[in-house]
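# Examining the three-dimensional arrangement
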Amino acid sequence: MPAPARPDVLIIGGGLIGLATAWRTARRGLSVTLCDPEPGANASFAAAGMLTPVTELHYGEELLLGLNLDSARRYPDFVAELREASGGADPGYRESGTLAVAFDADDRAVLADLHEFQRSLGLRAEWLSGGEARRLEPMLAPSVRGGLLVEGDHQVDNRMLLAALFAALEREPRAELVRARAAELTVAGGRAVGVVLEDGTAIAAGQVVLAAGCWSGQLRGIPPEALPPVRPVKGQILRLAVPEVYKPFLTHTVRGVVRSNHAYLVPRAHGELVLGATTEEQDYDTSVTAGGVYELLRDARALVPGITELPLLETRAALRPGSPDNAPLIGPTALPGLLAATGHYRHGVLLTPATAEAMAEILATGSVPDLAEPFSPLRFGK
Ligand code: GLY
């Protein structure tokens with residue numbers, strides 16, 4: 001069925017957040033058009049797909065933790081429904097658990113501190129000696145000083161998840177994907193009423209959603225008070241292949257603190273190993289640098305020396321959408337008819353189900369679910 005000339009909802013941005021919001025909103029009975037010249041090509045494609053609210057906990061982010069945990073809990077049902085809606089595509093969700101390990105005594109102190117913080121919040125994490133960690137993951141370096149086992153922190157293969165969302169949207173009669181760039185927001189009578197595409201085509205819509213990651217504030221015509229304060233935070237990330245002879249190389253996601261740097265290794269079921277990631281404030285630069293690749297390999301090798309044997313498949317850099325408080329922007333902006341679903345920074349993949357569900361509820365009913373209230377885009381205007 002062709003999409004209606006004036007969809008109920010127009011979503012700008014086809015990363016995981018935009019695609020999942022389109023799918024959940026169409027399921028609520030609204031017609032949805034999503035615009036993106038290259039959907040699924042940026043941060044959502046580069047990401048490692050860690051679903052690690054407990055091991056990726058930071059001081060001062062207690063409120064965000066509630067949303068992160070809620071979204072992690074939603075994952076099993078979300079992927080089951082997506083598998084059905086997509087006609088059987090496997091979204092790549094894997095309950096593999098996560099092991100956070102320390103390289104030296106100072107790094108061990110950092111992890112001990114994290115463990116104390118986790119326990120103060122009632123989170124489940126088990127402290128392991130170096131020997132216990134190596135019994136779980138024999139490829140860990142003999143020097144690894146111990147770590148934290150978090151059995152509830154999992155992973156999803158973000159590329160398989162993207163493919164499943166594309167397949168589900170393809171089968172959804174109320175959704176349409178337009179492979180074009182939205183150039184300008186149309187505002188009339190004090191509200192957002194649609195967009196004009198780069199080729200001049202105008203699309204009118206009942207509501208407009210900014211879900212273009214760190215580019216969400218770049219659409220022309222957004223009034224200053226409604227601009228989402230997002231910025232690009234570069235991450236360089238590598239993919240290695242695990243040949244049959246080395247399998248299973250790792251069974252858990254391994255996060256590590258190495259001389260105060262943070263590193264992670266995420267083993268995929270199909271044999272890839274994802275190594276990440278740098279965190280760089282470099283504006284919109286997405287070059288892969290020798291220094292970035294060197295640091296990632298150096299730190300990963302300190303934890304798991306055997307990685308040097310693995311073929312290097314891919315180097316990539318992408319841009320996380322950072323916000324002033326590192327938490328997402330979910331819900332209505334200061335301009336009636338214009339909403340935001342962006343600013344997910346380090347947790348875009350994890351927060352996909354909770355964000356999509358909250359956005360679908362807001363778009364369908366106008367009311368913001370309690371859990372999403374603290375993440376109102378309006379909090380930055382105050
Ligand atoms: N959450 C992983 C990263 O942002 O690199």
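Residue positions are given per chain, counted from 1 along the sequence in the order it is written. Local features in a predicted model are, by the rule used here, given only for residues with pLDDT of at least 70; side-chain atom pairs are given and counted only at 80 or more, and totals for whole chains, interfaces and linings are based on all residues. To get the side-chain values, take all heavy atoms of the structure and skip hydrogens and water.

Heads up, the condition is: UniProt positions are given in the numbering used here, feature names are shortened, and annotations may be inferred rather than shown by experiment.
Under an unreviewed UniProt entry, the name given to the chain is glycine oxidase, and the source organism is Catenulispora yoronensis. If you open the UniProt record of the chain and go to Pathway (unreviewed entry), you find "Cofactor biosynthesis; thiamine diphosphate biosynthesis." What UniProt states about the chain under its Catalytic activity (unreviewed entry) heading is, verbatim, "glycine + O2 + H2O = glyoxylate + H2O2 + NH4(+)".

### Some remarks on the nonpolar core
What counts, and what does not: Among the buried residues, those of types Ala, Val, Leu, Ile, Met, Phe, Trp, Tyr and Cys that are joined through side-chain atoms within 4.5 Å form a nonpolar core. We call a residue buried when its accessible area falls under 20% of the maximum for its residue type, exposed when it is over 50%, and partly exposed in between, using a 1.4 Å probe and counting protein chains only. The helix and strand labels rest on DSSP assignments: H or I over at least four residues marks a helix, E over at least two residues marks a strand, and numbering proceeds from the N terminus. Contact criterion: two residues are considered in contact whenever any of their non-hydrogen atoms come within 4.5 Å of each other.
L161 and V209 are the most contacted members of the largest nonpolar core, which totals 47 residues. Counting residues per element, this core draws most heavily on helix 3 (residues 62-85), which supplies 8 residues. When neighbours within four sequence positions are excluded, L161 is seen to be in contact with L16, Y75, F78, L82, P91, V156 and V349. Counting 27 residues, the second largest nonpolar core, distinct from the first, contains V258, L273, A302 and L303.

### Describing the packing of helix 3 against helix 8 (residues 352-365)
Filter applied, for reference: Angles shown run from 0 to 180 degrees and are taken between the N-to-C directions of axes, each axis being a line fitted to C-alpha atoms and, for helices, limited to the stretch in contact. Put simply, angles under 35 degrees are roughly parallel, angles over 145 are roughly antiparallel, angles from 65 to 115 are roughly perpendicular, and the rest are oblique. Throughout, the ten residues Ala, Val, Leu, Ile, Met, Phe, Trp, Tyr, Cys and Pro are labelled nonpolar, Asp, Glu, Lys and Arg are labelled charged, and all others, Gly among them, are labelled polar.
At a minimum axis distance of 7 Å, the contact between helix 3 and helix 8 shows a crossing angle of 90 degrees. Relative to helix 8, the element helix 3 is oriented roughly perpendicular. Taking contact as the criterion, the partners of L67, D70, S71, R74, Y75 and F78 in helix 3 are, on helix 8, T352, P353, A354 and E357. Class assignment for the residues of the contact of helix 3 with helix 8 results in 5 nonpolar, 2 polar and 3 charged.

### Observations concerning the pairing of strand 11 (residues 191-197)
Spelled out, the test is: Strand pairing follows a simple DSSP-based rule, namely that at least 2 bridges must link the two strands.
Sheet topology places strand 10 (residues 182-188) next to strand 11; 6 bridges connect them, and they run antiparallel. Paired with V187 across the strands is A192, a residue of strand 11. The antiparallel pairing of strand 10 with strand 11 creates a hairpin that spans 2 residues between the two strands, and G189 there sits at a positive phi of about 60 degrees. Where strand 11 meets strand 12 (residues 202-204), 3 bridges bridge the pair, whose relative direction is antiparallel. In the strand pairing of strand 12, V196 is matched with A202. The turn joining strand 11 and strand 12, which pair antiparallel and follow one another in sequence, is formed by 4 residues; a positive phi near 95 degrees is taken by G200.

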